[in-house]
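# Secondary and tertiary structure notes
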Amino acid sequence: MYKYFLRLLASVLLLLGFSMSANAEFKVGFVYVGPTGDHGWTYQHDEGRKAVEAAGIKTTYVESVPEGADAERVIRQLAQSGHDLIFTTSFGYMDPTNKVAKDFPNVKFEHATGYKREHSNVSTYSARFYEGRTLLGHMAGKMTKTNVIGYIASFPIPEVIRGINAMTLAAQKVNPNIKTKIVWVFTWYDPGKESEAAQALIDQGADIIMQHTDSTAPVQVAEKAGVWSFGQASDMQRFAPKSILTSIIDDWAPYYVERSIAARDGTWSQQDTWHGLKEGMVAMAPYNSAMGSGLVKEVEKLQKDLASGKAHSFTGPIYDQKGNLLVAEGKVADDGMLAGMSVYVKGVEGDIPK
Amino acid sequence: MIKIERRDETSNLIYFLTPVLAIFLTLVAGAIIFYLLGFKPSEALKFFFITPISDLYGLSELLVKATPLCLIAIGLSFCFKSNNWNIGAEGQLTFGGIVGGGVALLFYNHEGFYVLPLIILAGAIGGMIFAMIPAILKIYFNTNEILVSLMLVYVSKLLLDYLVVGPWSNPEGFNFPETRQFSDSARLPILFDGLRIHAGIFIALVSVFLAWVVLFKTYLGFQIKVSGLSLKTAKYAGFKGKTMILLVFMVSGACAGLAGVGEITGPIGQLHRMISPEYGFTAIIVAFLGRLNPIGIVFASLIVALTYLGAETAQIFLQVPKYTGQVFQGMILFFLLASDFLLFFRIKFLRFKKYEY
């Protein structure tokens, strides 16, 4: 019997054989934090990758890479195996990206949502999602009957607080009586926790549910409860066709294509990119006609104004919860202030978790 | 008619060869799966099992990945050998990481040779104390250690979440859920420039050696073995069952705590929410694949570590779905348990006897 196994083993080993082929072709690598089928954050990054592929550039991806000790190895392997440009698409890859970049000066790195660019071959990029939140706030303020807006928040980082504030300011403008209630779930993706949070907010009287988390659970809970909701990252309309008013879409494709071509043609240089509605990195899914054509037109106009710069999400006067003036009348918040935002504006209930 | 009956005796050689058979069957089944997914099996297996370790960097990564698995599995073998089902190594790892990380943050910007040993000690004690909870509850309240140790995993993970989001978060880190990077004095030394292999491997090797001595050369090891084979015999022999339960959980917890502290002071260098990609659970597979034998566990941890690396390279080169790594881990365990069944039982095909004149 064991002779038979030995023979099988030998034949399998023979089949394996060694061959490592060096490849000079230009290649772009992507590191994802979730599975490509999450219908949220990673899904949208993968759509961007497909656009790069469609532009005739070869791409590779590794999905579900934990943000711990494994990230550095994956990034390094991509660099070592002949990838010329590597997108690392989650905040937790910040230090590993910079570490590998140091050892591969000829490879270009692009890190999403981080703030460290320790070497000249590391760029960072993110999107002005808060512009989308302003549109959501406008719709929420108009559509709510209970004047309570429920907000599912992930982590108390500037990006999330910016979104809460932008939404609240826009909602107050059209409806001074609104209140923003927040549940912190401390996760980016956990359908169970997210749906519990949505239910808790609905039980507290919220008739609008919005999320800064990536699963489709909250919109599905909203659909069941018969309240309005907004999708996140990708168009989630098919998961809650009646409830969803629109979704904020992260459209990374134009940026990925542009940067890949630049790297291939040798025109890539380090930069810190923060694109919004204007450049199309933030896009809106089709508006639900249930909100009435009048409101749809209003929102479309606001969207155009935000894109052209005629309107700004953070236009003074803006006060914090204690009533201190943050932005004076007639002024708009500068990018430095937005990047480090760590206080709520007036009208948001509760404290930022510490 | 099929009859299943227990074998009177099993061969020791075959007992240690069945894991090899399980791995071989996994390779065959893996080749079939790759074929069905539309990949060339030989190529896919090559990228899965050979490419990741075909250079020095890969070998170093294999050891980096195997170190925590080996450490935890060594500890678990003490528990499993004596019929104590500690499923919560992941929690003990996390708690060890928390305590060790706390000390590292306490000594932030301190230089001194004593910093690192203190952190490592703190991590081991943290894991040990956390493992004593299910042990003490089992001894005095007869609770089920499987449930208690498993539930405590979530307790420690939530505690870590709370700490890195709140009190321990990096003051210059814009509220991102992570602590400061530890100072250099709090990091395990790197063994070779340019590679990530760190001194944690020595901790694992010493543990392997100590485990071998204790299990095979001491009275305690004998007690553990007998209790695992028959609790009644152990009682009859007058072994102190309660002390032993506490002891094996303490060993197990300390090992898991060491693994946790090895990760945060080794490749990670700070505390955040993802200090372990579930090493504590994967180590259960490692412990059984290694036959609860220290030497066996060393090999098993290398093989299981390779399935992680292989899944990454196979995805990079062939875009094979990343989850095939977990499929391989599952298959190894499945084939091992299946061959164990045949090892301990024999299947007899009985014929109806003809009536004889």
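### Some thoughts on the overall build of chain B
A count of helical and extended segments in chain B gives 13 helices and two strands. Radius of gyration (C-alpha) of chain B: 22 Å, near the 21 Å computed for a compact globule of 357 residues. Buried positions account for 50% of the 357 residues belonging to chain B. Long-range pairs, those at least 24 residues apart, make up 77% of the contacts in chain B with a sequence separation of at least 6.

### So, the sheet that holds strand S2 (residues 58-62) of chain A
All names here are of chain A. Read from one edge to the other, the open sheet built from six strands follows the order S2-S1-S3-S4-S5-S11, with strand pairing classed as parallel. The sheet is open, and its two borders are formed by S2 and strand S11 (272-275), each paired with just one other strand. Sheet twist, expressed as the average angle between the axes of neighbouring strands with direction ignored, equals 20°. In the sheet, strand S4 (residues 108-112) pairs with strand S5 (residues 122-127) via four bridges, with the strands oriented parallel. Counted as the bridge partner of His111 is Thr124 from S5. Against the sheet, helix H3 (residues 70-80) makes contact with strand S1 (27-31), S2 and strand S3 (85-88), and its axis sits at roughly 160° relative to S3, the strand it touches most.

### Re the packing of helix H4 (residues 89-106) of chain B against helix H6 (residues 145-165) of chain B
Think of two packed helices as two axes; the pair is described by the angle between the axes and how far apart they sit. All names here are of chain B. The geometry of H4 relative to H6 is characterised by a closest axis approach of 7 Å and an angle of 30° between their N-to-C directions. With respect to H6, the element H4 is oriented roughly parallel. For the pair H4 and H6, the sense of crossing is left-handed. Counted together, Glu90, Gly91, Thr94, Phe95 and Ile98 of H4 and Ser149, Leu152, Val153, Val155, Ser156, Lys157, Leu159, Leu160 and Leu163 of H6 form the full contact between these two elements. Among the residues forming the contact of H4 with H6, the class breakdown is eight nonpolar, four polar and two charged.

### Observations concerning the domain arrangement of chain A
Interface size is commonly expressed as the accessible area that is lost once the parts come together. Residue and element names in this part refer to chain A. Taken domain by domain, chain A consists of domain 1 (27-127 + 252-275) and domain 2 (129-250 + 314-339). Computed over C-alpha atoms only, the centres of domain 1 and domain 2 are separated by 28 Å. Across the boundary between the two partners, domain 1 contributes eleven residues, which contact 13 residues of domain 2. Ranked by residues supplied to the side of domain 1 that touches domain 2, first place goes to helix H2 (residues 41-54) with three residues. Residue classes in the side of domain 1 that touches domain 2 are distributed as five nonpolar, five polar and one charged.

### Description of the interface of chain B and chain A
In this assembly, 28 residues from chain B lie in contact with 34 residues from chain A. Taken together, the elements giving at least two residues each to the side of chain B that touches chain A come down to helix H1 (12-36), helix H2 (41-49), H6, helix H10 (241-268) and helix H12 (294-318) of chain B. The element contributing the most residues to the side of chain B that touches chain A is H12(B), with four residues.

### Focus: the sheet that holds strand S7 (residues 179-184) of chain A
All names here are of chain A. Reading across from one edge, S7-S6-S8-S9-S10-S12 is the order of the six strands in this open sheet, with mixed pairing throughout. The open sheet terminates on both sides in strands that have one partner only, identified here as S7 and strand S12 (282-284). When the angles between neighbouring strand axes are averaged without regard to direction, this sheet yields 20°. One ladder, built from five bridges, connects strand S9 (residues 228-233) with strand S10 (residues 244-250); its direction is parallel.

What counts, and at which threshold
Residues numbered from 1 in each chain as written. Chains lettered and ligands numbered in written order. Predicted model: local features only at pLDDT ≥ 70, side-chain atom pairs only at ≥ 80, totals over all residues. Helix = DSSP H or I, 4+ residues; strand = E, 2+ residues; numbered from the N terminus. Rg over C-alpha atoms; globule rule 2.2 N^0.38 Å. Buried ≥ 20, exposed ≤ 12 C-beta atoms within 10 Å, placed from the backbone. Contact = placed C-beta atoms within 7 Å. Pairing = 2+ DSSP bridges. Axes fitted to C-alpha atoms, helices over the stretch in contact; angles between N-to-C directions. Parallel < 35°, antiparallel > 145°, perpendicular 65-115°, else oblique. Left-handed = near helix turned anticlockwise from the far one by under 90°. Nonpolar A, V, L, I, M, F, W, Y, C, P; charged D, E, K, R; others polar. Domains from an automatic or database assignment.

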